[in-house]
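Structural overview
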Amino acid sequence: MDLSDWIKCHADTTPDKPAILFEGGEISYASLAHQIDSYVRVLIAGLGIQPGQRVAYLGQNSPEQIALLFACARAGAILLPLNWRLAAPEHVQLLQLSTPRALFVEPGFVEHVNGMRDRIEDLVLVSFAYSGGGWQSFDELAAQAGDISSMQVPTGLSDKDGLLLCYTSGTTGTPKGALLSKNALAWNAENSVDMHDMTTDDIVLTVLPMFHVGGLNIQTMPALITGATVMILRQFEVDHFYKAFDRSPITLTLVVPTVMHLLMADERWHRDKDKLASLRMIAIGSTTVPESLVNAVCDWGVPLVQVYGSTETCPIAAYTPPKDAKRKPASTGKTAKYCHMRIADMSGKDLPIGESGEILVSGPNVMTEYWRDPDATNEVFSGRWLHTGDIGHFDEEGFLFVDGRLKDMIISGGENIYPALIESVLSELDGIEEVAVVGRPDDHWGEVAVAVVVVREGSDVNADRILDFCSGRISRFSCPREAVRVDHLPRNAMGKVMKKEVRQLVQKRAISRGQSKNKSGSE
């Protein structure tokens, strides 16, 4: 049974129920099942896609991407969703690494692809708008492919076969493609159902990009597998979010902190509270979530539930039970129902409760491998355990606290400094909009912590106040030695702060000032 069978099941039992709501239109489960059949015909009969071959998709959030993913599951193909925000050279790199057989492209990105066609010559280009000029029309391919009942659908496929290929950001080198199996997506959906207590009555609002596992797999795919309804926004806009509630009583949505702050800054957050009352949970993740944000949303009247994971875990690995969201605002929750987690030292030995070490994850939701990169795969696996590269600890109740990234940890005078802890403290300072803490080389200490902050408009917070605020709240050696004000922090498409760019900013600043040793209190 592949994932598309779930849609066929819902089409049989609730054919007229809305599966997807999109830009004023409605796609029932029966219609979605029919669309998936059309995509399967195009993949197999129209394009000759064989099991294991890759199929790429370039476009914003749309029902087409959903139908294509389910069709790949039935055909045995692997879907590669491309980040539409990347530049042409970055797309070329990903296509050359993954070598897909075909690239499905939304109309708005046809010219973008035309500009890089000389570097992707062995790729069949499929447009949803027109044919000609080296492009094949999806509608024409579907019309020529014949009836699915007479088509030879691959047999002998396994739940362990790859289905989704998602590339990491590649901020430290060549991007790595996490290969997720059909089984991984199915078990991830089970974790999501447990996390959200999801039922067929839910209406999910998808606002995050589905080229990332967060936007695709935390709520969207699990909701469709469950038989719920999903409203998809092509891309996030505050106005579109609030207007979604005019159409349907949204019960679940997923955000990142940046999005949550934008929603709360809008007057409708309080003015239209009665309209938003259908929301029974907001999930949040992707990056460190300030305690103040969790408390503010919970006090407003809905649990803000944190979820922890990564591309490699599909991504759900831990989540906060809604009843504990307010009680444990600094925690990313407990280990997911169908997942296992350990905290280990550098030798792989389990650490006691309260002691920080690397977070290791295992379970059926974990990736199979990094695509065609056995060395990178071996680096992150110890047997069945995935090394996440994150540092964290458990408390006595089994709640996970993420202290930061292993690569972001600062070693100052032989002491380990965890940036996430400092960021959590500084986020509580009135007037701080956002903050990132990085290490800066220092002749005496080896490294010192530097807080890079965005100050809220109209605030008089200065560097001295920022540095003083940490005193007594965290250990003395962890306190930042410098505070740098910036207009904004560099973030990727999922709202994660790009620490590499922040470190480069701090180091360039130090070099430009001829600074080779620590100077504190500067702005």
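Everything numeric in this text was worked out from a predicted model, so none of it was measured.

**Some thoughts on the overall build of the chain**
From N to C terminus, the chain includes 17 helices and 27 strands. Its C-alpha atoms give the chain a radius of gyration of 24 Å, within 12% of the compact-globule value 24 Å for 523 residues. With the principal axes as the frame, the chain shows a C-alpha extent of 75 × 50 × 45 Å. Out of the 523 residues belonging to the chain, those deemed buried represent 56%. Looking at the chain alone, contacts between residues at least 24 apart form 66% of all its contacts between residues at least 6 apart. When the accessible surface of the chain is summed, it comes to about 21600 Å², and 48% of that surface belongs to carbon and sulfur atoms. Side chains of the chain carry 49 positive and 66 negative charges; the gap between the two charge centres is 3 Å.

**Details of the sheet that holds strand β13 (residues 281–284)**
Spatially, the 9 strands line up as an open sheet ordered β2-β1-β11-β10-β12-β13-β14-β15-β16, and their pairing is mixed. Both edges of this open sheet fall to β2 (25–28) and β16 (334–335), since each of them pairs with a single strand only. Examined bridge by bridge, strand β10 (residues 203–206) and strand β11 (residues 229–232) share 4 bridges and lie parallel to one another. Looking across to β11, one finds that I203 is bridged to T229. Of the strands in this sheet, β12 (252–255), β13, β14 (304–309) and β15 (316–319) are in contact with helix α7 (residues 182–196), which crosses β15 at around 15°. Against the sheet, helix α13 (residues 291–300) touches β13 and β14, its axis set at about 140° to β14.

**Points about helix α10 (residues 238–247)**
Residues spaced three or four apart along an α-helix face the same direction, because each turn holds 3.6 residues. Listing the buried residues of α10 in full gives V238, F241, Y242, A244 and F245. Around the axis of α10, the buried residues are gathered within 140° of arc, so they sit on the same side. Where the residues of α10 are buried, they touch β10, β11, β12, α11 (257–265) and α12 (268–271).

**Focus: helix α2 (residues 29–46)**
Taking 1.5 Å as the rise per residue, α2 with 18 residues should run 26 Å; its terminal C-alpha atoms sit 24 Å apart, in good agreement. Following α2 by one or two positions, G48 has its phi on the positive side, about 70°.

**Observations regarding the sheet that holds strand β27 (residues 482–485)**
Here we have 3 strands laid out as an open sheet, ordered β25-β26-β27, and mixed in their pairing. At either margin of the open sheet sits one strand with a lone partner, and together these are β25 (432–442) and β27. Within the sheet, the average angular offset between the axes of one strand and its neighbour, ignoring direction, is 30°. Relative to β27, strand β26 (residues 446–455) runs parallel, the two being bridged by 4 bridges. Looking across to β27, one finds that V453 is bridged to R485. Sheet strands touched by helix α15 (residues 419–426): β25 and β26. Its angle to β25, the strand with the most contacts, is close to 145°. Across the sheet, helix α16 (residues 463–470) is in contact with β25, β26 and β27; its angle to β27 comes to roughly 135°.

**Comments concerning the environment of A449**
Tracing the backbone shows A449 in strand β26. On the basis of relative accessibility, which here comes to 1%, the residue A449 falls in the buried class. Considering only alpha carbons, one finds A449 and E312, 137 residues apart in sequence, at a separation of 29 Å. Apart from residues lying up to four places away in sequence, A449 is in contact with I410, I422, V437, V438, S478, P480, R481 and E482.

**Let's talk about unusual backbone geometry**
The amide bond that connects C314 to the next residue, P315, takes the cis arrangement and shows omega of 5°. Summarising the element assignment, P315 is placed in the loop between β14 and β15. Of note in this structure, E23 is not a glycine but carries a positive phi near 50°. Position of E23 relative to the elements: it lies in the loop between β1 (18–22) and β2.

Parameters at a glance
Residues numbered from 1 in each chain as written. Predicted model: local features only at pLDDT ≥ 70, side-chain atom pairs only at ≥ 80, totals over all residues. Heavy atoms only, no water. Helix = DSSP H or I, 4+ residues; strand = E, 2+ residues; numbered from the N terminus. Rg over C-alpha atoms; globule rule 2.2 N^0.38 Å. Buried < 20%, exposed > 50% of the residue type's maximum accessible area, 1.4 Å probe, protein only. Contact = heavy atoms within 4.5 Å. Areas by Shrake-Rupley, 256 points an atom, 1.4 Å probe, with all protein chains shown as cover. Lys, Arg positive; Asp, Glu negative; His and termini not counted. Charge placed at Lys NZ, Arg CZ, Asp CG, Glu CD. Pairing = 2+ DSSP bridges. Axes fitted to C-alpha atoms, helices over the stretch in contact; angles between N-to-C directions. Arc of directions from axis to C-beta. Expected span 1.5 Å × (residues − 1).

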